[in-house]
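# Structural characterization, general
Residue-level listing of the chains:
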Amino acid sequence: MITLHDRMARGRTETGLIEARHTFSFGRFHDPDRMGFRSLRVLNEDRVVPGAGFPAHPHAEMEILTYVLSGAVEHRDSLGNAAVIRAGDLQRMTAGTGITHAEMNPSATEPLHLLQIWLHPDRNGLPPGYEQLGVGEGPTGGLRLVAAPEGRDGVLGIHQDARLFIARLAAGETVEHAIAPGRAAFIQLTRGVVALDGHEMREGDGAAVEGEPGLRITAETEAEFLLFDLA
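Just so you know, these numbers come straight off a predicted model, no measurement behind them.

Note that Ala60 resides in the loop between β5 (53–59) and β6 (63–70). Of the residues examined, Ala60 reaches a relative accessible area of 43% and is grouped as partly exposed. In this view, Ala60 contacts Ala95, Gly96 and Gly98; residues no more than four positions away in its chain are not counted.

Right under this line is the structure:
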């Protein structure tokens, strides 16, 4: 079964400094039928004007991934980490028993566009942690694994039975992904137009896939998407 999440049906938060679209319930946007998918709890697309962002705030008991689509985000946290995450970079923060961090757009002229992703951890009480990966902005050569429980060089380690792939495809290119029995997948399109097993998806659309042995995605234009393989 494929359940499409139309980009226009997402929740919205607009402050004048930040424009956010929420695939699942978040903040003041609450829909009891959209409380997440498997371990995937939050999937926000945020646009932040120059010089603005999210001042220091706390998190706990969540795996938080930040993927920068354009611009850059300056990160500082209570562990002493300070970094600038640029377009094509992926960050993993384990909130665990508690962490405070700030995410700001350091540019005076360039907007920031990012995805904010939260996953439930496989257990509570983890020590807070931080990790960053440069994915780059060029073609990925199909599905590139960027986060998994078994972190290693080129793959961030996350505390959940979930795997995140990024794909950047040329027009006409196709990728396939097998889904093991009992598992599911979620696709979030960040750029372009694709066909997911015959269903057209455009930038901002998502799709939850359950009870299928696999999926096939064909780029109708140059495209980029994230694919979560979830227990």
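This next bit is on the pattern of salt bridges. Counted by the stated rule, this structure contains 19 salt bridges. Note that Glu14 is salt-bridged to Arg21, the shortest N-O span being 3.1 Å. We classify Arg21 as buried; its relative accessible area is 13%. Glu222 is the partner of Arg191 in a salt bridge, and the nearest nitrogen-oxygen pair spans 3.0 Å.

Our next topic: the layout of surface pockets. In this structure, the largest pocket encloses a volume near 280 Å³. Lining the largest pocket are 18 residues, and of these Thr13, Ile18, Phe26, Phe54 and Gln116 sit closest to its centre. Those elements that place two or more of their residues in the lining of the largest pocket are β3 (18–22), β4 (40–48), β5 and β11 (112–119). It is β5 that contributes the most residues to the lining of the largest pocket, 5 residues altogether.

Turning to the packing of aromatic side chains, a few remarks are in order. Geometrically, a pair of aromatic rings is defined through the distance of the ring centres and the angle of the planes. Applying the stated criterion across every chain, the model contains 3 aromatic pairs. For the pair Phe24 and Phe186, a centre-to-centre distance of 5.7 Å together with 55° between the ring planes defines the contact as tilted. Residue Phe24 is located in the loop between β3 and β4, and its partner Phe186 is located in strand β17 (residues 184–191); the two are separated by 162 residues in the primary sequence. For the residue pair Phe24 and Phe186, the accessibility class agrees, reading buried in each case. The interplanar angle of 80° and the centroid separation of 5.5 Å between the aromatic rings of Phe26 and Trp118 together place this pair among those described as edge-to-face. Taken as a pair, Phe26 in the loop between β3 and β4 and Trp118 in strand β11 lie far apart in primary sequence, 92 residues in all.

Our focus in this paragraph is the pairing of strand β18 (residues 193–196). Of the two faces of β18, both are covered, the one formed by Val193 and Ala195 as well as the one formed by Val194 and Leu196. As defined by bridge partners, β18 adjoins strand β19 (residues 199–202) across 4 bridges and the pair is classed as antiparallel. What sits directly across from Leu196, in β19, is His199. Following β18, the chain reverses through 2 residues before pairing antiparallel with β19; Asp197 in that reversal takes a positive phi of roughly 45°. As defined by bridge partners, β18 adjoins strand β21 (residues 214–219) across 3 bridges and the pair is classed as antiparallel. Looking at β21, one finds that Ala195 is bridged to Thr218.

Further remarks concern the pairing of strand β10 (residues 99–104). Judged from the 5 bridges that link them, β5 and β10 form a sheet pairing that is antiparallel. Paired with His59 across the bridge in β10 is Ile99.

In this structure, Ile117 and Phe186 are the most contacted members of the largest nonpolar core, which totals 26 residues. Counting 23 residues, the second-largest nonpolar core is a separate cluster that includes Phe165, Val175, Ala185 and Met201.

With respect to the helices, strands and loops of the structure, Arg41 is situated in strand β4. Salt bridges are absent for the buried Arg41, whose nearest opposite-charge side chain, Asp31, sits at 11 Å. If we ignore the near neighbours within four places in the chain, the residues touching Arg41 are Phe24, Ser25, Met35, Gly36, Trp118, Leu119 and His120.

Here 4 strands make up an open sheet; going across it, the order is β16-β21-β18-β19 and the pairing antiparallel. Unpaired on one side and paired on the other, β16 (174–178) and β19 mark the two borders of the sheet. Along the sheet, successive strands turn relative to each other by an average axial angle of 25°, direction set aside.

Turning our eyes to something else, we now look at the sheet that holds strand β7 (residues 72–77). Pairing in this open sheet of 4 strands is antiparallel, and the strands run β5-β10-β7-β8 from one edge to the other. What marks the edges here is a single partner per strand, and that holds for β5 and β8 (82–86). Sheet twist, expressed as the mean angle between neighbouring strand axes with direction ignored, is 20°. When β7 meets β8, the two strands line up antiparallel, connected through 5 bridges. Considered in β8, the bridge of His75 is made with Ala83.

Calculation criteria
Residues numbered from 1 in each chain as written. Predicted model: local features only at pLDDT ≥ 70, side-chain atom pairs only at ≥ 80, totals over all residues. Heavy atoms only, no water. Helix = DSSP H or I, 4+ residues; strand = E, 2+ residues; numbered from the N terminus. Buried < 20%, exposed > 50% of the residue type's maximum accessible area, 1.4 Å probe, protein only. Contact = heavy atoms within 4.5 Å. Salt bridge = Lys/Arg side-chain N within 4 Å of Asp/Glu carboxyl O. 1 Å grid on protein atoms, 1.4 Å probe; cavity = no way out; pocket = protein on both sides within 12 Å on 5 of 7 lines; lining within 4 Å. Points joined across faces, edges and corners; volume = space filled by probe spheres on them. Phe/Tyr/Trp six-rings, centres within 6.5 Å; stacked < 30°, edge-to-face > 60°. Pairing = 2+ DSSP bridges. Core = buried A, V, L, I, M, F, W, Y, C linked by side-chain atoms within 4.5 Å. Lys, Arg positive; Asp, Glu negative; His and termini not counted. Axes fitted to C-alpha atoms, helices over the stretch in contact; angles between N-to-C directions.

Everything listed is a geometric property; what it means functionally is a separate question.
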